[in-house]
Amino acid sequence: MKQTTNILLMLCVLSACLSTRRSFAQDPNFHIYLCIGQSNMEGPAPIGPQDTSTNKRLKLLSALDCPELGRTMGNWYDAKPPLCRCNTRLSPADYFGRTMIQYLPENISIGLVHVAVAGSKIEIFDKVLYKTYLDTSAASRPWMIKMSDSYGGNPYQRLLDMARIAQQKGVIKGILLHQGESNTGDKAWPAKVKKIYDDLLTDLQLAPNSIPLLAGEVVNADQGGLCARMNEIIATLPQTLSRALVIPSAGLEAVPDKLHFTAEAIRRFGRRYASLMLLSMGINIEVQPSFVSPEVSPDGIVSFRLWAPNAKEVKLNAQFEKAPVAMQKDDQGVWSVTVGPVKPDMYPYAFNVDGIQIADPKNSAIFPNEGFQNSILEVTGNSPLVHTLKNVPHGTVSYRYYNSPALGLRPVVIYTPPGYEDNPKKKYPVLYLLHGTTDTEETWTKVGRANIILDNLIAEGKAEPMIIVMPYGRAYPKISKSAGSLRNWDNLQEFKPDFFDNLMPFVEKNYRTKNGKDSRAIAGFSGGGGTTLYFGLNNLDKFSFVCGFAPGMLENEFERNNAGAFANFEQTNKMLKLFWIGVGKDDGLYAVNQKYMEVLKQKNIKHETLISEGGHTWMNCKLYLATVAQKLFK
């Protein structure tokens, strides 16, 4: 019976081909793709609701009768899964076709011819060897023989017959292959694939090497793939078959058997097939779509976006959110989330992509830091804030280097106030401003907006024009960048001679500074705040203004680090014009700062404090700087 069916089918196809050659013209805008392989091409994954929609531009030529699906062999239907046999599931060919019609002109349609056999070696598609292969495999894999029988016992011939019918309507443009698990370790696999490719083109009267063959990798090693070593062989296919294109499987999740892909991985795999096919046609869909991130509306609603087409999960980590916020991906691979309204200020934020934190590639405002990657969001609101860029005279921010015999060339950022260049004889007081532990010399300007804050305060007559010196606070390379807080004792002992013996002389030589102690101030945040207290309170002959912004400290360090100030409180009070400490109520350093303030009271050391809302943030730093800047040098 099987033989009779095959003979009738061949006669039907032959008759159709002869008729076609006499009277039918192929539609050059109907692109046909042949889809072959084993289980991952056949369709291993569950079909979801999103997979059942159809499009008139995507067609399937049924390769067998499926009465339950309303399909008859040799006829065209609007494509939807299953594409292979009647009881198969989601195939990468599904999303290959969907992606192709998404990016090709509307006058082009796609037709799929799909023949695949689970568990089979590539030999099942060899027009000569298939029978020997099936005969020798029948005992151990009777289910595979049954699948082959649904194709008349000869999958290659059925593919060829369907391809010839497809040629009556359209033009064959390529072959999709996913096979290899059953040939793992077979170094002859590329040559076997090339023979099948050459036979198909010859039998379909196509020119040699005229169409691409797209071969997908098996489950990758990064997903624990049981046959992952086969990918090394698949990667060599283009060396044997010049028109071969290899589709990577890295990052595509596997089901527990580590042989098959999950439904979402199958969808992504299909898109990858299409992406490479389109690229071969001069269409690059991997070019990032156009979008803005972050996008801030006047009412403080903020939209964040990230192009990460291969990511499994993306979350927004932002200082104004209590927990990471899940983002959603669109059809172009752009993840997005909209939050707010967000209170006007500047905030660090980042994206967590499959467990890895990255800054926003669309945002040029980067948070300078050696401990993490963050971008900066600015929400301006309706009323200008103290750090808002305004139409006032602006100072100059310079990137300079000074030499340290022990540490080499050292970076420092220096702010000179408006009018500095216009008054060559005028001298200015100096504020030495230290950054936090994982920050850099740029953080006070790029995040703390120190230059903008002073520009605004000076323009309003609220602050004295001053020079601000912002050095790099880690004694690198002697002290590792991964070492502890900047107020770590080892770092203090290395940074101290650099600060006093190299940095200060460099500033006073190259800038017009007032050099008396009443014209010098020192302030710093977090670990730099702890350094500030140590340098300032133990060098009262050099600084009259010492300000700690949530200064980092430990209770058992109080006596050691403050020995100079604690030795004689009357002298300390006389020498200091301002001793100031600010900390937030929710700051992790609030408790130790409270204890420090109690000690200062017990020792009768005069000081001012500001207990603000919020935590250990640069939003508070801007508040503290704006507050003390108005108290300095008056």
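Report on the accompanying structure. Every chain is numbered on its own, with residues counted from 1 as its sequence reads. For this predicted model, a pLDDT threshold of at least 70 governs which residues receive local features, and a threshold of 80 or more governs which side-chain atom pairs are given and counted, while totals over whole chains, interfaces and linings are taken from all residues. Side-chain metrics rest on all non-hydrogen atoms present in the structure, leaving aside hydrogens and water.

1. A look at the overall build of the protein
Across its full length, the protein holds 19 helices and 25 strands. When we talk radius of gyration, it's over C-alpha atoms, and the globule rule is simply 2.2 Å times the number of residues to the 0.38. Rg of the C-alpha trace for the protein: 36 Å, well past the compact-globule value of 26 Å for 634 residues, more than 25% over. Structurally, the protein occupies a C-alpha span of about 115 × 50 × 40 Å along its principal axes. Within the span of the protein, comprising 634 residues, buried residues form 55% of the whole. A separation threshold of at least 6 residues defines the contact pool for the protein, and within that pool the share at least 24 residues apart is 72%. Of the accessible surface of the protein, which amounts to about 27,100 Å², a share of 52% is contributed by carbon and sulfur atoms. Each helix corresponds to a stretch of at least 4 residues labelled H or I by DSSP, and each strand to a stretch of at least 2 residues labelled E; elements are numbered beginning at the N terminus. Residue burial is assigned from relative accessible area. The probe radius is 1.4 Å, only protein chains are included, and a residue is buried under 20% of its type maximum, exposed over 50%, and partly exposed in between. Contacts are assigned to residue pairs with any non-hydrogen atoms lying within 4.5 Å of each other. For the accessible areas, the method is Shrake-Rupley and the probe is 1.4 Å, while residue cover comes only from the protein chains on display.

2. Some details on the packing of helix α3 (residues 92-103) against helix α10 (residues 263-280)
Each pair of packed helices can be described by the angle between their axes along with the distance between the axes. Between α3 and α10, whose axes approach to 7 Å, the crossing angle comes to 45 degrees. Viewed along their axes, α3 and α10 adopt a mutual orientation that is oblique. For α3 against α10, the interelement crossing comes out right-handed. Counted together, Pro 92, Tyr 95, Phe 96, Thr 99, Met 100 and Tyr 103 of α3 and Ile 266, Arg 267, Phe 269, Gly 270, Arg 271, Tyr 273, Ala 274, Met 277 and Leu 278 of α10 form the full contact between these two elements. Convention adopted: a line fitted to C-alpha atoms gives each axis, helices being fitted over their contacting stretch, and angles between N-to-C directions are expressed from 0 to 180 degrees. Angle categories are assigned with fixed cut-offs, so that under 35 degrees is roughly parallel, over 145 is roughly antiparallel, 65 to 115 is roughly perpendicular, and the rest are oblique. Each crossing gets its handedness from the near helix: less than a right angle anticlockwise from the far helix is left-handed, clockwise is right-handed.

3. Details of the environment of Ala 591
Note that Ala 591 resides in helix α18 (residues 590-602). The class for Ala 591 is partly exposed, based on a relative accessible area of 48%. Along the chain, Ala 591 and Glu 555 lie 36 residues apart, while their C-alpha atoms are 10.0 Å from each other.

4. Details of the state of the cysteines
Disulfides are defined as pairs of cysteine sulfur atoms found within 2.5 Å of each other. Scanning the model with the defined rule gives one disulfide in all. Between the sulfur atoms of Cys 66 and its disulfide partner Cys 86 the distance amounts to 1.9 Å. Taking the sign of the S-S torsion, about -90 degrees here, the bridge from Cys 66 to Cys 86 comes out left-handed. Of this pair, Cys 66 sits in the loop between β2 (58-61) and β3 (76-78) while Cys 86 is found in the loop between β3 and α3, placing the two residues 20 residues apart along the sequence. The exposure class assigned to Cys 66 is buried, which follows from its relative accessible area of 1%.

5. Notes on the sheet that holds strand β24 (residues 578-584)
Note: two strands are recorded as paired if DSSP finds a minimum of 2 bridges between them. With respect to topology, eight strands assemble into an open sheet ordered β18-β19-β21-β20-β22-β23-β24-β25, the strand pairing being mixed. Looking at which strands have only one partner, the edges of the open sheet turn out to be β18 (396-404) and β25 (608-612). Mean inter-strand twist for the sheet, computed between neighbouring axes without regard to direction, equals 20 degrees. Two strands pair when backbone bridges link them, and strand β19 (residues 408-416) and strand β21 (residues 467-471) are joined in this way by four bridges, in the antiparallel orientation. What sits directly across from Val 413, in β21, is Met 470. Strands β18, β19, β20 (430-434) and β21 of the sheet are contacted by helix α12 (residues 450-459), whose axis makes an angle of about 25 degrees with β19.

6. Details of the nonpolar core
In this text, buried Ala, Val, Leu, Ile, Met, Phe, Trp, Tyr and Cys residues form a nonpolar core when linked through side-chain atoms within 4.5 Å. One finds Leu 34, Phe 96, Met 100, Leu 112, Ile 175, Trp 189 and Leu 213 to be the most contacted residues of the largest nonpolar core, which totals 86 residues. No other element matches α10, which puts eight residues into this core. Beyond its immediate sequence surroundings of up to four residues, Ile 175 is in contact with Leu 34, Ile 36, Tyr 197, Leu 200, Leu 201, Ile 211, Pro 212, Leu 213 and Leu 214. Counting residues in hydrophobic clusters, the runner-up holds 81 residues, among them Val 413, Tyr 420, Tyr 534 and Ala 626.

7. Description of empty space enclosed by the protein
Site definitions follow a grid-based scheme: protein atoms alone, a 1 Å grid, a 1.4 Å probe that fits but cannot get out for cavities, and for pockets an open set with protein on both sides within 12 Å along at least five of seven lines, plus lining residues having an atom within 4 Å of a point. Grid points are joined across faces, edges and corners, and a volume is the space filled by probe spheres set on the points. Summed over all chains, the structure comprises three cavities of 30 Å³ or more. Its volume calculated, the largest cavity comes out at about 80 Å³. Along its surface, the largest cavity is lined by Arg 487, Gly 530, Leu 533, Gly 552, Met 553, Leu 554, Glu 557, Phe 558, Asn 561 and Asn 562. Every element with two or more residues in the lining of the largest cavity is listed here: α14 (527-537) and α15 (558-561). In the scheme used here, Gly and all other residues not listed as nonpolar or charged are polar, with Ala, Val, Leu, Ile, Met, Phe, Trp, Tyr, Cys and Pro taken as nonpolar and Asp, Glu, Lys and Arg as charged. Considered class by class, the residues forming the lining of the largest cavity number four nonpolar, four polar and two charged.

8. Details of the sheet that holds strand β4 (residues 109-116)
One open sheet accounts for seven strands, arranged β3-β2-β4-β1-β5-β6-β7; its pairing is mixed. The open sheet has two edge strands, β3 and β7 (244-247), and neither has a second partner. Here the strands of the sheet are splayed against their neighbours by 25 degrees on average, with no regard to which way each runs. Relative to strand β5 (residues 171-178), strand β1 (residues 30-37) runs parallel, the two being bridged by seven bridges. Residue pairing in the sheet places Leu 34 in a bridge with Ile 175 of β5.

9. With respect to the packing of helix α6 (residues 155-167) against helix α7 (residues 189-203)
Orientation of α6 relative to α7, taken along the N-to-C sense of each, is 40 degrees, at an axis distance of 11 Å. Classified by the angle their axes make, α6 and α7 are oblique. Pair α6 / α7 crosses with right-handed handedness. Together, Tyr 156, Leu 159, Leu 160 and Arg 164 of α6 and Ile 196, Asp 199, Leu 200 and Asp 203 of α7 make up the contact between the two elements. Within the contact of α6 with α7, the residues separate by chemical class into five nonpolar, no polar and three charged.

10. Details of the packing of aromatic side chains
Between 30 and 60 degrees the pair is tilted, below 30 it is stacked and above 60 it is edge-to-face, where a pair is any two Phe, Tyr or Trp rings, Trp via its six-membered ring, whose centres lie within 6.5 Å. Counting across every chain of the model gives 30 aromatic pairs. Plain terms: the ring middles of Phe 499 and Phe 500 are 5.1 Å apart, the flat faces sit at 70 degrees to each other, and that makes the pair edge-to-face. Both residues of the pair, Phe 499 and Phe 500, belong to the buried class. Ring geometry for Phe 549 and Trp 580: centres 5.8 Å apart, planes at 90 degrees, overall edge-to-face. Of this pair, Phe 549 sits in strand β23 (residues 545-549) while Trp 580 is found in strand β24, placing the two residues 31 residues apart along the sequence. The exposure class assigned to Trp 580 is buried, which follows from its relative accessible area of 1%. Through a chain of ring-to-ring contacts, the aromatic side chains of Tyr 432, Trp 489, Phe 495, Phe 499, Phe 500, Tyr 534, Phe 535 and Phe 543 assemble into a single cluster. In this arrangement the basic side chain of Lys 362 is found over the ring face of Phe 291, its NZ or CZ atom lying 4.8 Å from the centre. Charge-over-ring placement is defined geometrically: NZ (Lys) or CZ (Arg) within 6 Å of the ring centre, and within 35 degrees of the ring normal. Over the aromatic face of Tyr 476 sits the side chain of Lys 481, whose NZ or CZ is 4.6 Å from the ring centroid.

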